[in-house]
Amino acid sequence: MNYRKELESQSWTLIKNYFDDDFCDQLRKDCYAASQTNNDYSDILSNQHLSYLLTNEKFIELVCHFFDTKPVYFGDSGYQIASVVKRISNGFHKDSIDRKNPDGMDWKHGYSLIRFGIYLQDHKNFSEGLVVRSNSHHTPDLKTGKKVNVPSKKGDIIAWYLTTTHSGNAKRIKGIDYPVLMGDETGGWLSHKLYYHLPKFCIQKSEKDRVAIFITFGTNDVHLKRYLSYLKHRRYMVELWQKQDFIKETVNKINAQNKIELLDLKEEALKFDMQNFKEYDFANYKNFNI
C-alpha cells in the first residue's frame, strides 16, 4: 500500500501490524524504565532506554517512505505514559506554525513535517486513542474534515502532518464508534459536558495504561526552516533542546546507516536568555517576525 499517497490525500494514514508483539512489549517496558530515571523528559535520541528506535531499520525504512530526501530529525520527540503524566490533553488542534494564519505557507502545496505516533495498546476497541479530521491539512479551520477515531492497535503506526486537525485521549461510548471530546472549538458545551459527565458505565475504558511514542521528521526545506524558527520562540521546545544529549553510540549507528539526517540544536538553545524569553504570539502572528 502507498501510505505516502494516502497521507497526502487524507492528511493521515494508519500503517497496520508494522511491529510485532515482542518489539512493542519491549518498547512499552523501556518507556516505563525511562520514566524511572532523570532522563524521562528528554527527546528520544537522548533517552538511554529508547534511542535504539531511531536505528531500527524497519522503522527508519517506513519513515523514509514518506520523503524524497533524507528525513531530518531535530529533537521533536518524546513518549507519554498516562499514569505518569497524570493529565488529560484533548480538543481539536493543529501543531503547525500557521495554525491561526490562513495566509501562511503551511497551507501551500508541499508541506513536509510529519509526526509518527506509536500507540502501544488497542484503541480500535478501547478509549484514549487519536482522533483526526480527514482532509484537514489544507486549512486552519478546525471544523473541516470528517472526524475519525483512528482504529489503531498494538503494533500499528499512525502518521499525520503537523497541519492535520487532531485530538488525543478520545473516549469511546460503548457500542458506538464515535469520539467524545471536551469543549474544544468544534465541540461546544455539549461535548464538554459529555466528556466529563457521561456516566462511566457508558464509556469504554482503556485497554491498559496508555503508552505512546511520538517522533517528528521533516525535510531540509523552507517548511522545516520556518518551523525551527517558530520553535525557537516556544519555551517548552527550547528547554527540551537545552536538555538534549544525543546518545553517542546511537548517533554513530545512525551515521553508519546514512538514512536520516540529525540536527543538534542544543548549543544554540543554551544561548537563549530564558528570563526574558518571548513566546510566539499566535494572536498577532502577522506582526511577529520569526
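Everything quoted here is computed from the prediction, not taken from an experiment. (Residues numbered from 1 in each chain as written. Predicted model: local features only at pLDDT ≥ 70, side-chain atom pairs only at ≥ 80, totals over all residues. Heavy atoms only, no water.)

(A) Seen up close, the sheet that holds strand β1 (residues 12-15). Pairing in this open sheet of 6 strands is mixed, and the strands run β1-β6-β3-β10-β2-β11 from one edge to the other. Strands with a single pairing partner mark the edges of an open sheet, and in this sheet they are β1 and β11 (261-262). Relative to strand β10 (residues 211-218), strand β2 (residues 72-81) is paired through 7 bridges, and the arrangement is antiparallel. In the sheet register, Q80 faces β10, and the bridge partner there is A212. (Pairing = 2+ DSSP bridges. Helix = DSSP H or I, 4+ residues; strand = E, 2+ residues; numbered from the N terminus.)

(B) The arrangement of the environment of K108 in detail. Relative to the assigned elements, K108 resides in the loop between α4 (82-85) and β3 (114-119). By relative accessible area, K108 is classed as partly exposed at 44%. The spatial distance from the C-alpha of K108 to the C-alpha of F277 is 30 Å, given a sequence separation of 169 residues. A polar contact is formed between the side chain of K108 and the backbone oxygen of G104, at a distance of 3.4 Å. (Buried < 20%, exposed > 50% of the residue type's maximum accessible area, 1.4 Å probe, protein only. Polar contact = N/O pair within 3.5 Å; in protein donor to acceptor, adjacent residues only side chain to side chain.)

(C) Quick peek at the pairing of β1. Judged by which residues are buried, β1 turns out to be covered on both faces: W12 and L14 on one side and T13 and I15 on the other are all buried. With 4 bridges connecting them, β1 and strand β6 (residues 157-161) associate as antiparallel partners. Residue pairing in the sheet places I15 in a bridge with I157 of β6.

(D) Just the side chain of S127, in detail. Within the fold, S127 resides in the loop between β3 and β4 (129-133). What S127 contacts, discounting residues up to four positions off in sequence, is A170, K171, R172, I203, Q204, K205 and S206. (Contact = heavy atoms within 4.5 Å.)

(E) How the structure looks around the packing of aromatic side chains. Within the structure shown, the criterion is met by 18 aromatic pairs. Cluster of aromatic residues (ring-pair linked, three or more members): Y18, F19, F23, Y52, F59, F66, Y73, F116, F217 and F246. Here the basic side chain of K58 rests over the ring of Y18, its NZ or CZ set 4.3 Å away from the ring centre. (Phe/Tyr/Trp six-rings, centres within 6.5 Å; stacked < 30°, edge-to-face > 60°. Lys NZ or Arg CZ within 6 Å of the ring centre and 35° of its normal.)

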